[in-house]
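Coordinate analysis (summary)
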Amino acid sequence: MSKKELSRRDFLKGAAGAAGIAALGVLAGCSDKAPEATATPGEKSLYVPGEYKATAKGAVGTVMVAMTFSESAITDVVLNLDAETENIGQAAGEELKAALMAKQGAEIDAVAGATLTSKAVMEAANKCIQQAKGEIPVEVIGGTAAETGPANWLGVEPEISDIAETWNTDFLIVGAGNGGLCAGAYAAKNGVKFRIIEKGTATARVRGWYGVCDSEDALALGEKPMDRAAMRNELKRFSSGKTNLKLWDTWFNESAAMHKFVKDCYAQYLPDAKVTVTVGDEAHWPDEDTGRYFFPVEEHFWGFGEMGRNDIFRKIIEEEAGVPIDFNTTLVKLEKTGNKVTGVIAQNTESGKYIRINASKGVLLACGGYPYNPDMMEQLDPQGTAVTANNNGWPTDTGDGIKAGVWAGAAMQAEAAPMLFDRGIIAPGVDAGYHVTETGDRVFPSPEGQFNIGSQPFLKVNRHGVRFTNESGTYDMMSYAAYNQPGGVYAIVFDDNFFDDVQRFHTIGCSAGTRNGSKERTVEMLEGQIQKGNAFKADTLEELADKMGFTGVDKENFLATCARYNELYENQEDVDFGKPTYRLSALKQGPFYSFWMGACLLTTEQGLLCDEKARVLNADREPMEGLYVCGDNAGGFFVNNYPCLMAGIAMGRNMTFAIKAVKVATGKDD
Ligand SMILES: Cc1cc2nc3c(=O)[nH]c(=O)nc-3n(C[C@H](O)[C@H](O)[C@H](O)COP(=O)(O)OP(=O)(O)OC[C@H]3O[C@@H](n4cnc5c(N)ncnc54)[C@H](O)[C@@H]3O)c2cc1C
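Throughout this document, residue positions are counted from 1 along each chain, in the order its sequence is written. In keeping with the predicted nature of the model, local features appear solely for residues at pLDDT of at least 70, side-chain atom pairs appear and are counted solely at 80 or more, and the whole-chain, interface and lining totals rest on all residues.

Side note on the site of the ligand
Surrounding the ligand, one finds 37 residues, the nearest of these being Gly175, Gly177, Gly631, Ala650 and Met651. Secondary structure elements with two or more residues in the shell around the ligand: helix H5 (178-189), strand S9 (329-337), strand S19 (592-604) and helix H19 (649-665). Amino acid classes used here: Ala, Val, Leu, Ile, Met, Phe, Trp, Tyr, Cys and Pro are nonpolar; Asp, Glu, Lys and Arg are charged; the rest, including Gly, are polar. The class makeup of the residues in the shell around the ligand is 14 nonpolar, 17 polar and 6 charged. To decide whether a residue is near a molecule or strand, its C-beta atom is placed from the backbone and checked for lying within 6 Å of it. Secondary structure counts use DSSP, requiring at least four H or I residues in a row for a helix and at least two E residues in a row for a strand, with both numbered from the N terminus.

Focus on the packing of helix H7 (residues 228-238) against helix H8 (residues 245-269)
In this analysis an axis means a line fitted to C-alpha atoms, helices contributing only their contacting stretch, and an angle means the value between N-to-C directions, from 0 to 180 degrees. Where H7 contacts H8, the axes come no closer than 11 Å and their chain directions differ by 140°. One way to sum up the angle between H7 and H8 is to call them oblique. Considering how the two elements wind past one another, H7 and H8 form a crossing that is right-handed. Facing H7, whose interface residues are Arg228, Arg232, Leu235 and Lys236, H8 presents Leu245, Trp248 and Phe252. Residue composition of the contact of H7 with H8, by class: 4 nonpolar, no polar and 3 charged. By definition in this entry, angles of less than 35 degrees are roughly parallel, angles greater than 145 are roughly antiparallel, angles of 65 to 115 are roughly perpendicular, and the rest are oblique. Take the far helix as the reference: if the near one is turned anticlockwise from it by less than a right angle, the crossing is left-handed, and if turned clockwise, right-handed. By definition, residues are in contact whenever their C-beta atoms, placed on the basis of the backbone, come within 7 Å of each other.

Notes on the sheet that holds strand S1 (residues 50-57)
Strand-to-strand pairing in sheets goes through backbone hydrogen bonds, with the strands running parallel or antiparallel. At least two bridges found by DSSP between two strands is the condition for calling them paired. Here 3 strands make up an open sheet; going across it, the order is S1-S2-S3 and the pairing antiparallel. The open sheet has two free edges, formed respectively by S1 and strand S3 (74-80), since each of these has just one partner strand. Each neighbouring strand pair of the sheet contributes to a mean axis angle of 20°, computed without reference to strand direction. Pairing geometry for S1 and strand S2 (residues 62-69), over 8 bridges, is antiparallel. What sits directly across from Thr55, in S2, is Met64. On the sheet, helix H4 (residues 115-132) packs against S1, S2 and S3 and is oriented at approximately 145° with respect to S1.

Quick notes on the pairing of strand S11 (residues 354-365)
Consecutive side chains along a regular strand alternate between the two faces of the sheet. Sheet analysis places strand S4 (residues 163-174) next to S11, joined by 10 bridges and oriented parallel. Among the inter-strand pairings, Phe171 is bridged to a residue of S11, identified as Gly362. Relative to S11, strand S10 (residues 340-348) is paired through 5 bridges, and the arrangement is antiparallel. Note on S11: the bridge partner recorded for Ile345 is Arg356. Here S10 hands over to S11 after 5 residues, with Gly352 in that stretch at a positive phi of 80°. With 3 bridges connecting them, S11 and strand S21 (residues 623-629) associate as parallel partners. Residue Val363 lies in a different strand from S21, and its bridge partner there is Leu627.

Overview of the environment of Ala411
Mapped onto the fold, Ala411 is located in the loop between helix H12 (400-407) and strand S13 (418-426). The class for Ala411 is buried, based on 20 C-beta atoms found within 10 Å. Residues Ala411 and Asn516, spaced 105 residues apart in sequence, show a C-alpha to C-alpha distance of 43 Å. The residues contacting Ala411, other than those within four sequence positions of it, are Leu609, Leu617, Asn618, Ala619 and Arg621. Once C-beta atoms are placed from the backbone, each residue is buried if 20 or more other C-beta atoms lie within 10 Å of its own, exposed if 12 or fewer, and partly exposed for counts between those two.

Here's the deal with the packing of helix H17 (residues 541-548) against helix H18 (residues 552-571)
When two helices pack together, you describe them by how their axes are tilted relative to each other and by the distance separating the axes. Where H17 meets H18, the closest approach of the two axes is 10 Å, and the angle between their N-to-C directions is 135°. Considered as vectors, H17 and H18 are oriented oblique to each other. In the crossing of H17 with H18, the sense of the turn from one axis to the other is right-handed. Within the contact between the two elements, H17 uses Leu541, Glu542 and Ala545 and H18 uses Lys555, Phe558, Leu559 and Cys562. A per-class count over the contact of H17 with H18 returns 5 nonpolar, no polar and 2 charged.

So, H19
Here H19 spans 24 Å end to end across 17 residues, near enough to the 24 Å set by a 1.5 Å rise per residue. Among the 17 residues in H19, 16 count as buried, and that is most of the element. Take the number of residues in a helix, subtract one, and multiply by 1.5 Å to get its expected span.

Regarding unusual backbone geometry
Residue Pro591 is reached from Gly590 by a cis peptide bond, and omega for that bond is 0°. Checked against the element boundaries, Pro591 lands in the loop between H18 and S19. In the Ramachandran plot, Gln104 falls in the positive-phi region, its phi being about 55° despite a non-glycine side chain. Relative to the helices and strands, Gln104 resides in the loop between helix H3 (93-103) and H4. A count of 14 C-beta atoms within 10 Å places Gln104 in the partly exposed class. A positive phi angle is found at Asp214, which is not glycine, with a value near 55°. By secondary structure assignment, the location of Asp214 is in the loop between strand S6 (210-211) and helix H6 (216-220).

A few points about the nonpolar core
Counting residues in hydrophobic clusters, the biggest one holds 182 residues, and the most contacted among them are Val65, Val174, Ala183, Val363 and Ala661. The element contributing the most residues to this core is H19, with 11 residues. For Val174, the contacting residues outside a window of four places in its chain are Ile197, Leu331, Val344, Val363, Leu364, Leu365, Ala366, Cys367 and Gly401. Think of a nonpolar core as buried Ala, Val, Leu, Ile, Met, Phe, Trp, Tyr and Cys residues, each tied to the set through C-beta atoms within 7 Å.

Rendered as structure tokens:
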């Protein structure tokens, strides 16, 4: 039975089903009922007893509230927050439910950090109360996803006439995320008159590691200058010739200066912070693989202290330049005079008022990708969508900047390039891809986030117990291979020697987290997933097969696959799929472990085409005057594929182009 089926049926049972759903970790409600309140004899009834449901638009998807009423009281509340983010909106569920019960009404305080979800819960709760009082008709909740139709993700550019305010600035940055804040800090340090609008209530979470070419710190560690010719060839091969190598020149030539800028900002605000630069053996696959994946990285990381890079940038913007970030202000559309982009129309998400923002020197689109836009995901990236188990992206990144750019005449990268990491643990029997919630929202089924050991190249089998690929590759390759398998999922299998195997595998980037951690820590995390029913441990492979749910021929297949894998290991050659010998491992020493997996979606990299000066290109591939782009809002750089093993390259490109855009727009590019 899939989680989707269970969630829907149990929710329809109302409060009685809530405990079961909550146990699956997808419903933020619980079923502890308030004492039954009864009307005093002769007292007028407040409510028509029964259960009422209502929905409202939350931070990400639709929020549903089901309330049960006696004649005089609210006796139970169940919240369905499946479509909200797991660690923000869903996490607020218990507190919101308790508040509604205690208040016996909908006028409660918002949970800090989850304002939009809280407001939606209040709105839906108020509608339940009005239904119970007979003030409005009983709401009928539909249970199927909205029909998206063919390629309708773009929609139509809205016509807006009721402008309430006009702001004037030189340079407008749209999005206070990782690219936008870097651009803002650079603008602040260089005396540019600018503003930043941000749709959400906070800045986006910092993405810590960034890739640089030949930084002063990497060279000081003895790293040789990057072999740019070899690198260009590898990037061309890896993208099947689809990447724009001119964009890479900007990164090759200017990322070291970007790092110097970041370093100077740290020196000012956190003088004791030291950058860690990953170079040498730690940044490369072992020699046996040289030539297979040539992705030298110089990954730079400042640690996760109390103050992160984005906090420093924000201080520079707000305190040094005196420019407060305009939160709750969303880009609606771009404005043009002739072919020149002159500004935007934005909307205050609280008041609903429209604002015209004129930007005489240009607009920088820094609003991220589209991981939280189900129409864009399904229509632009059906394969990535089908194999995704968990959405690990930033919830307000819904492709708004891409849509606004295309409406204004910008060209867009034709192919998807999602950032898929092969470490989304998923409950047995659950398919990857969107599941439809009770409210008709499409959500990825696993709430578990990234489970790091999943990226290790151990034996991986499909639902019939059969091995289907060489498990060694960039993170997304395993996920793409699963597209051809039942449910888009697969199981990893390893034995008690896993920690020694992982040392030999020597994977790099963030997957090195398992190698550089401890065996005890990984076992602890596995035990946690075993408790949840998501992972399995057994003394024999036969017992493991049973726990994984293999029966009949599938069980025979699984045991035969394990025996064959041991044979390949003993012969030290993978004649079946050509995996490098040092990445083979034995399945001999119990206990044996396994869990099912799909991909974690971090973000999308299919954005607006631009040139090496961060200028957005139009349909004729000519720069559009006044429009710039950086980060996941930008395309042309990662095409066909995201080179996951070139660790930190997404942020390296993002901040390099953020700075470039400010320079070019303000005439400071040399
Ligand atoms: C969990 C995770 C970890 C990652 N770690 C790394 C890492 O260590 N190194 C690395 O290189 N990459 C990493 N990435 C990828 C990296 O974050 C992205 O590739 C990218 O660089 C993010 O920056 P951005 O500025 O494009 O988007 P974001 O940082 O997501 O910022 C976009 C901002 O725009 C706002 N916005 C959206 N729509 C609108 C609108 N209509 N109006 C106004 N504002 C809007 C959003 O609210 C958001 O604040 C990670 C991604 C994830 C999800």
